[in-house]
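# Chain and residue survey
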Amino acid sequence: LGNVIGDRLDLVVGLGIMIGTGLLCIAYNGGHVPLVQFLVANCIFSIGYPYSSAIIYALFSKILGGTDQGTMMGLLTSCGSAARTLGPLAAGYGYYYGGTNTVYIVIGGLAALALVLTLAGWSKLVTYDVLLDRKLAKYRSSRRLVIQSA
């Protein structure tokens, strides 16, 4: 799908799926989430999370290009591992003190925050090759101006 709509839009789609599942798991009747609703939301989430995760890794790798990629990818992987370790602890704490709705509101809220940050930095999410092409084009146009004015 990345070749059709681009990695940035893929990321937005994945985050949208995660926001939707966070909202789908909220018990709007004030009680518990019905089992069917919970299972449907978790099936959708099990598609959205790996989809977004793979896109984030691919986009990050393309943005880095050849610059110190091993170290930066290692740091990204370490942050993901820390999140997978601390996430269940935070979810258990949120469930204990706030209930089911609190956990899913936080999940949806964090996905919404990631979506807002993605849209805010949209112009900066370009691959290394595109960035080099832009710099080269800018350099060439500035050289033409200098040559033409001389």
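Notes on the structure follow.

Rules used in this analysis
- Residues numbered from 1 in each chain as written.
- Predicted model: local features only at pLDDT ≥ 70, side-chain atom pairs only at ≥ 80, totals over all residues.
- Heavy atoms only, no water.
- Helix = DSSP H or I, 4+ residues; strand = E, 2+ residues; numbered from the N terminus.
- Rg over C-alpha atoms; globule rule 2.2 N^0.38 Å.
- Buried < 20%, exposed > 50% of the residue type's maximum accessible area, 1.4 Å probe, protein only.
- Contact = heavy atoms within 4.5 Å.
- Areas by Shrake-Rupley, 256 points an atom, 1.4 Å probe, with all protein chains shown as cover.
- Lys, Arg positive; Asp, Glu negative; His and termini not counted.
- Charge placed at Lys NZ, Arg CZ, Asp CG, Glu CD.
- Patch = residues over 30% accessible without salt bridge, like charges linked within 9 Å, V, L, I, M, F, W, Y side chains within 5 Å.
- Salt bridge = Lys/Arg side-chain N within 4 Å of Asp/Glu carboxyl O.
- Axes fitted to C-alpha atoms, helices over the stretch in contact; angles between N-to-C directions.
- Parallel < 35°, antiparallel > 145°, perpendicular 65-115°, else oblique.
- Nonpolar A, V, L, I, M, F, W, Y, C, P; charged D, E, K, R; others polar.
- Core = buried A, V, L, I, M, F, W, Y, C linked by side-chain atoms within 4.5 Å.
- Phe/Tyr/Trp six-rings, centres within 6.5 Å; stacked < 30°, edge-to-face > 60°.

Secondary structure summary: the protein contains six helices and zero strands in total. Reading the protein from its N terminus to its C terminus gives the helix and strand order α-α-α-α-α-α. For the protein, the C-alpha radius of gyration of 21 Å lies well beyond 15 Å, the compact-globule estimate for 150 residues. The dimensions of the protein, computed from C-alpha atoms along their principal axes, are 75 × 30 × 25 Å. Within the protein, the fraction of its 150 residues that count as buried is 21%. If you take every contact in the protein between residues at least 6 apart in sequence, the share linking residues at least 24 apart comes to 66%. For the protein, the accessible area works out to roughly 10100 Å², and carbon and sulfur atoms hold 70% of it. Between the centroid of the 10 positive side chains of the protein and the centroid of its 5 negative side chains there is a distance of 10 Å.

Glancing now at a nonpolar patch on the surface. A cluster of nonpolar side chains, Leu24, Val36, Val40 and Ile44, forms an exposed patch at the surface whose accessible area comes to about 310 Å². The element contributing the most residues to the nonpolar patch is helix H3 (residues 35-64), with three residues.

Scanning the model with the defined rule gives one salt bridge in all. Measuring nitrogen to oxygen at the nearest pair gives 2.7 Å for the salt bridge that ties lysine 62 to aspartate 7. One end of the pair, lysine 62, is in helix H3; the other, aspartate 7, is in helix H2 (residues 7-24), and 55 residues separate them in sequence. Here lysine 62 falls in the partly exposed class, since its relative accessible area comes to 39%. Judged by its relative accessible area of 14%, aspartate 7 is buried.

For the pair helix H4 (residues 69-98) and helix H5 (residues 100-120), the least separation of the axes is 6 Å and the interaxial angle reads 135°. The pairing of H4 with H5 is recorded here as oblique in orientation. Contacts from Ala91, Gly94, Tyr95 and Gly98 in H4 reach Thr100, Thr102 and Val103 in H5. Class assignment for the residues of the contact of H4 with H5 results in three nonpolar, four polar and no charged.

Counting residues in each nonpolar core, the largest one holds eight residues, listed as Leu11, Leu15, Met18, Ile19, Ile55, Leu59, Ala111 and Leu115. Contributions of two or more residues to this core are made by H2, H3 and H5. In this view, leucine 115 contacts Val12, Leu15 and Ile19; residues no more than four positions away in its chain are not counted.

Glancing now at the packing of aromatic side chains. Following the criterion strictly, the structure yields four aromatic pairs and no others. Measuring from centroid to centroid gives 4.8 Å for tyrosine 96 and tyrosine 97, while their planes differ by 90°, and the two rings are edge-to-face. Taken as a pair, tyrosine 96 and tyrosine 97 share a single burial class, namely exposed. Through pairs of rings, three or more aromatic residues link up here, namely Tyr93, Tyr96 and Tyr97.

That's the geometry; what it means functionally is another story.
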